[in-house]
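Notes for the structure review
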Amino acid sequence: MDTVSLSEPHASLRIYNTLSKRKEPFRTVQPGKVGIYLCGPTVYDKAHIGHMVGPVIFDCIKRYLTYCGYEVTWVVNITDVDDKLIAKARQRDISMLEVAQENIADYQENLASLGVDQINHFPRATQCMDEIIGLIHSLVEQSFAYASDGDVYFDVTKDTGYGKLSNRSVSDLQGEGGTTVGRKQNAADFALWKGAKPDEPSWESPWGKGRPGWHIECSAMSRRLLGKTFDIHGGGLDLVFPHHENEIAQSECCHSRPMATYWAHNGLLRSSSQTGKVGGRSKPGSKLNKTSMADSAANATATEGGKMSRSKGAGGLAELIARQGGERIRFFLLRTHYRSTVQFNEPAIEDAGIGLESFYRLLKRYQRITGNDFYDLVVPSTRTEGASAASDDPTLQAASSCRDKFLAAMDDDFNTGGAIGELFELAKLINKFCDESGLDQEKGDPVERHQDTAALGKLRQLLTIWKELAGILGIFCQKPTATNATSDRFEPLMQLIVALRATARAKKDFATADTIRESLTSVGITLEDRTGGSEWTAGDANSIEGLMQLLIALRATARANKDFTTADTIRNRLEELGIMLEDRPSGTEWVQNADCGMRIAE
């Protein structure tokens, strides 16, 4: 196989390569440019949280590489022809294209909600048939593949390097069973082209009508957009075998050169309540060789049990985003190193949200002190631009040290967990500076009360560094917006809840006051008690449903305690907002009369 000349290594960036089983200095095929290919979803159903792990991680990786001065092209493919898509189309009595279009839209909407906006290309298999057929034809011509009864198979015995990614040998492999066994020369051979079955979507080819195998699609799409050799191929650890192993075999046999320089595999998202990953395509009983991943933090992920399918709890991503907010979910996924297993449940997301809320409080504190919006701060866009000049000021020196440690963590195989730790340290430093400088005293209008321009300037410098680093992670890039159509009622409902809590505290009913605070925290809203009253920060989780459930519970408690004044106050204020309460034997329901008429039973 031909070698490919690479650029000089980056001064500090290292990346773990599944192919070599070690961290390697980062070098690119083209100086100053990076090509990334990430395996995307098979769009036979709505997106689930497992579909977001890779995109969130690689969105962050692209942001960091861009920050380091590289010109990055990132491709995420869409598999829109597949047995599951065909079955779903038949089940719903619509075309395969309609199923795909619907679920692609859902997938991309959810990506946007999680701040994944760095993808350059979304190639679809059905739009790349000429490239796919051409690649198969080249493999047949070079005797790496053979036709058999309308199918075309790759001959794994012709590839002397087959198994190098997963540490498998051809003799270890059994291949696919079923009706294809008799058409193969070797049990481990895999399909490049599948002959058409009655009433299935098909395309003309030199071997008759049919459709492509799963593996060949990615080889063709990556070559089309990134070339025969590109820099980083990513995907979940479950794709190492057979998918990525087969991609390597196809591409490298066809082109006689490496397909990708680095193979980067993220750990899988697993339910904490049962064994198995959330979503995916791995076959029952499929495992990676334990010794092949001995050096990887994701080894445990690779060798755990069967996958968690939609029927076992995956799915409902749009609803999860509505409950938790996209920024909170993104933060949850980035808290650990990308090669580690992520244990998924909503309490874990809420736990991550507690840390995120401390950041929102800092941003609100900056606005309170300066009268300026944090989101208006202009930050450096590159690593070189962001490097600060030497300073004798101890606070700025400490901030520069946090920045250096943040970048060192990202240089060490994109360690977002370590980077986030430094973001917390920097936030702590900024809050300490505000306390010691007396910048946040309750003395009146924030624009007029602070005359220490040097201290305000330093605060602006500190927050600029913090925003620069947060932007690399893709958080706090845009001001939070409401997540549903009832956002116009969100603030009045919060004002009502804050007033009810103030009344409870005045009556020394601290149990109710604490219940309100804890209930708000559970839906992503933080209360901060100050001299002038309580302030609240909602991040991006502006869901009206959580507030309504809390108000219904408070009203029920008031009625049980014969506190009809409080109960009537809640009902009357809700009626003013166009929300009607209906008491039923099964509980209380609420109806929004003015807008969507949604009815929610409690």
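Residues numbered from 1 in each chain as written. Predicted model: local features only at pLDDT ≥ 70, side-chain atom pairs only at ≥ 80, totals over all residues. Heavy atoms only, no water.

Re the overall build of the protein
Looking only at helices and strands, one finds 19 helices and 17 strands in the protein. A fraction of 75% describes how many contacts in the protein between residues 6 or more apart in sequence connect residues 24 or more apart. For the protein, the computed accessible surface area is about 25700 Å², with 48% contributed by carbon and sulfur atoms. (Helix = DSSP H or I, 4+ residues; strand = E, 2+ residues; numbered from the N terminus. Contact = heavy atoms within 4.5 Å. Areas by Shrake-Rupley, 256 points an atom, 1.4 Å probe, with all protein chains shown as cover.)

Here's the deal with the packing of helix 13 (residues 416-437) against helix 15 (residues 453-472)
At their nearest, the axes of helix 13 and helix 15 sit 10 Å apart, and the two run at 165 degrees to each other. What the angle tells us is that helix 13 and helix 15 run roughly antiparallel. For the pair helix 13 and helix 15, the sense of crossing is left-handed. Contacts between helix 13 and helix 15 pair Leu423, Leu426, Ala427, Ile430, Phe433 and Cys434 from the former with Ala455, Lys458, Leu459, Leu462, Leu463, Ile465, Trp466, Leu469 and Ala470 from the latter. (Axes fitted to C-alpha atoms, helices over the stretch in contact; angles between N-to-C directions. Parallel < 35°, antiparallel > 145°, perpendicular 65-115°, else oblique. Left-handed = near helix turned anticlockwise from the far one by under 90°.)

Brief notes about unusual backbone geometry
Following phenylalanine 241, the chain continues to proline 242 via a peptide bond in cis, the omega torsion being 5 degrees. Within the secondary structure, proline 242 sits in helix 6 (residues 240-255). Phi angles above zero are rare outside glycine, and asparagine 167 is one such case at about 60 degrees. Within the fold, asparagine 167 resides in the loop between strand 6 (151-154) and strand 7 (190-195). Positive phi is not limited to glycine here, since phenylalanine 414 has a value of about 55 degrees. Owing to a relative accessible area of 2%, phenylalanine 414 belongs among the buried residues under this scheme. (Buried < 20%, exposed > 50% of the residue type's maximum accessible area, 1.4 Å probe, protein only.)

Considerations on helix 13
The periodicity of an α-helix, 3.6 residues per turn, causes residues three or four places apart in sequence to face the same way. Taking 1.5 Å per residue, 22 residues should reach 32 Å; helix 13 reaches 31 Å between its end C-alpha atoms and fits that length. Among all positions of helix 13, only Thr416, Ala419, Ile420, Glu422, Leu423, Leu426, Ala427, Leu429, Ile430, Phe433 and Cys434 are buried. For helix 13, the secondary structure elements touched by its buried residues are helix 1 (50-67), helix 9 (326-334), helix 10 (346-370), helix 12 (394-411) and helix 15. With its phi angle positive at about 65 degrees, glycine 438 sits one or two positions after the end of helix 13. (Expected span 1.5 Å × (residues − 1).)

Quick notes on the packing of aromatic side chains
What the rule picks out here adds up to 17 aromatic pairs. Both rings, one in phenylalanine 359 and one in tryptophan 466, keep their centres 5.1 Å apart while their planes meet at 65 degrees; by these two values the pair is edge-to-face. Taken together, the positions of phenylalanine 359 in helix 10 and tryptophan 466 in helix 15 put the pair 107 residues apart, joining distant regions of the chain. For phenylalanine 359, a relative accessible area of 0% puts it in the buried group. Tryptophan 466 gets classed as buried once you look at its relative accessible area, which sits at 0%. Seen in terms of ring centroids, phenylalanine 374 and tyrosine 375 are 5.2 Å apart; in terms of plane orientation they differ by 85 degrees. Their pairing is edge-to-face. Side by side, phenylalanine 374 and tyrosine 375 carry an identical accessibility label, which is buried. Taken together, the aromatic side chains of Phe331, Phe359, Tyr360, Phe374, Tyr375, Phe424, Trp466 and Phe476 make up a single cluster linked through ring pairs. (Phe/Tyr/Trp six-rings, centres within 6.5 Å; stacked < 30°, edge-to-face > 60°.)

Topic: helix 2 (residues 83-92)
Considered for burial, the residues of helix 2 that qualify are Leu85, Ile86, Lys88 and Ala89. In an axial view of helix 2, the angular spread of the buried residues amounts to 165 degrees, which keeps them on one side of the axis. For helix 2, the exposed residues set more than 90 degrees away from the buried face come down to Arg90 and Gln91. Looking at the buried residues of helix 2, the elements they touch are helix 3 (96-113) and strand 8 (210-212). Residue aspartate 82 occupies the N-cap position of helix 2, its side-chain oxygen lying 2.7 Å from the main-chain nitrogen of lysine 84. Aspartate 93 sits one or two positions beyond helix 2 and adopts a positive phi of about 60 degrees. (Arc of directions from axis to C-beta. Polar contact = N/O pair within 3.5 Å; in protein donor to acceptor, adjacent residues only side chain to side chain.)

Regarding the sheet that holds strand 9 (residues 230-236)
Read from one edge to the other, the open sheet built from four strands follows the order 4-3-9-10, with strand pairing classed as parallel. Of all strands in the sheet, those bounded by a partner on one side alone are strand 4 (71-76) and strand 10 (260-266). Averaged over all adjacent pairs, the angle separating strand axes in this sheet is 20 degrees, with direction ignored. Bridge analysis of strand 3 (residues 33-38) against strand 9 gives three bridges, and the strand direction is parallel. The residue of strand 9 that forms the bridge with isoleucine 36 is isoleucine 232. Helix 6 rests against strand 9 and strand 10 of the sheet, and its axis sits at about 160 degrees to strand 9. (Pairing = 2+ DSSP bridges.)

A closer look at the pairing of strand 1 (residues 14-17)
Inspection of the sheet shows strand 1 paired to strand 2 (residues 22-25) by four bridges, in the antiparallel sense. Following the sheet pairing, asparagine 17 is matched in strand 2 by arginine 22.

Focus on the pattern of salt bridges
Going through the model one piece at a time under the given rule, you end up with 33 salt bridges. Residue aspartate 529 is joined to arginine 505 by a salt bridge in which the shortest nitrogen-to-oxygen separation is 3.3 Å. Placement of the pair is aspartate 529 in strand 13 (residues 526-530) and arginine 505 in helix 16 (residues 490-506), with a sequence separation of 24 residues. For aspartate 529, a relative accessible area of 33% translates into the label partly exposed. On the accessibility criterion, arginine 505 (37% relative accessible area) is partly exposed. If you follow the salt bridges from partner to partner, you end up with Arg365, Arg368, Asp435, Asp440 and Glu535 in one network. (Salt bridge = Lys/Arg side-chain N within 4 Å of Asp/Glu carboxyl O.)

Keep in mind these values describe shape, not function.
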